[in-house]
Amino acid sequence: MDQIIFIQTGTGIDVHGQDVTKASVRAIENAIHSNSMPGVQEALPEGSMENMKTTVKLALPSDIDELNHTKIKKTIPYGQVEIKLMDGGMRTTSGITLNDEGDHNDQMYIVNAAIEVGY
């Protein structure tokens, strides 16, 4: 990415099920769900949303190999998406294991996201 237009950050949690993809999607949605970028199209080369580039940086507490990149990319509706992963986030107890929620243990996963948009 040559020019960053804006950066948003968010946090996502999967309390039950230990699903790092679910926590990541929630972190991305937390970062972008309340934003409107009415001037972004004019700022992009040729005024095209197809020229928008988004870098999704995710700090994951564990299970990096289990992240579903296709689901992550679907959270960004326009342009080209690059995913960068790093250690971070948190695993902590949820206080209970609920088998009917898909729990394998009592851990909840907390993921941090930084979403960079530009061209």
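Quick summary incoming for the structure in this document. (Residues numbered from 1 in each chain as written. Predicted model: local features only at pLDDT ≥ 70, side-chain atom pairs only at ≥ 80, totals over all residues. Heavy atoms only, no water.)

Before going further, it helps to examine the overall build of the protein. Of the regular secondary structure elements, the protein holds three helices and five strands. Along the longest, intermediate and shortest principal axes, the C-alpha atoms of the protein span 50 × 25 × 20 Å. Relative to its 119 residues, the protein shows a buried fraction of 36%. Carbon together with sulfur atoms contributes 45% to the accessible area of the protein, which is approximately 6,700 Å² in total. (Helix = DSSP H or I, 4+ residues; strand = E, 2+ residues; numbered from the N terminus. Buried < 20%, exposed > 50% of the residue type's maximum accessible area, 1.4 Å probe, protein only. Areas by Shrake-Rupley, 256 points an atom, 1.4 Å probe, with all protein chains shown as cover.)

With that out of the way, let us pick up a positive patch on the surface. On the surface, a cluster of positive charge is contributed by Lys22, Arg26, Lys71 and Lys74. Mapped by element, the contributors of at least two residues to the positive patch are helix H1 (20-32) and helix H3 (69-74). Of note, lysine 74 is situated in helix H3. (Patch = residues over 30% accessible without salt bridge, like charges linked within 9 Å, V, L, I, M, F, W, Y side chains within 5 Å. Salt bridge = Lys/Arg side-chain N within 4 Å of Asp/Glu carboxyl O. Lys, Arg positive; Asp, Glu negative; His and termini not counted. Charge placed at Lys NZ, Arg CZ, Asp CG, Glu CD.)

Another aspect to go through is the pattern of salt bridges. This model, assessed by the stated rule, comprises one salt bridge. Among the ionic pairs, glutamate 116 bridges to lysine 57, the shortest N-O distance being 2.9 Å. Pair noted here: glutamate 116 is in strand E5 (residues 107-118) and lysine 57 is in strand E2 (residues 53-60), with a separation of 59 residues, a long-range link. Exposure remark for glutamate 116: the relative accessible area of 12% places this residue in the buried category.

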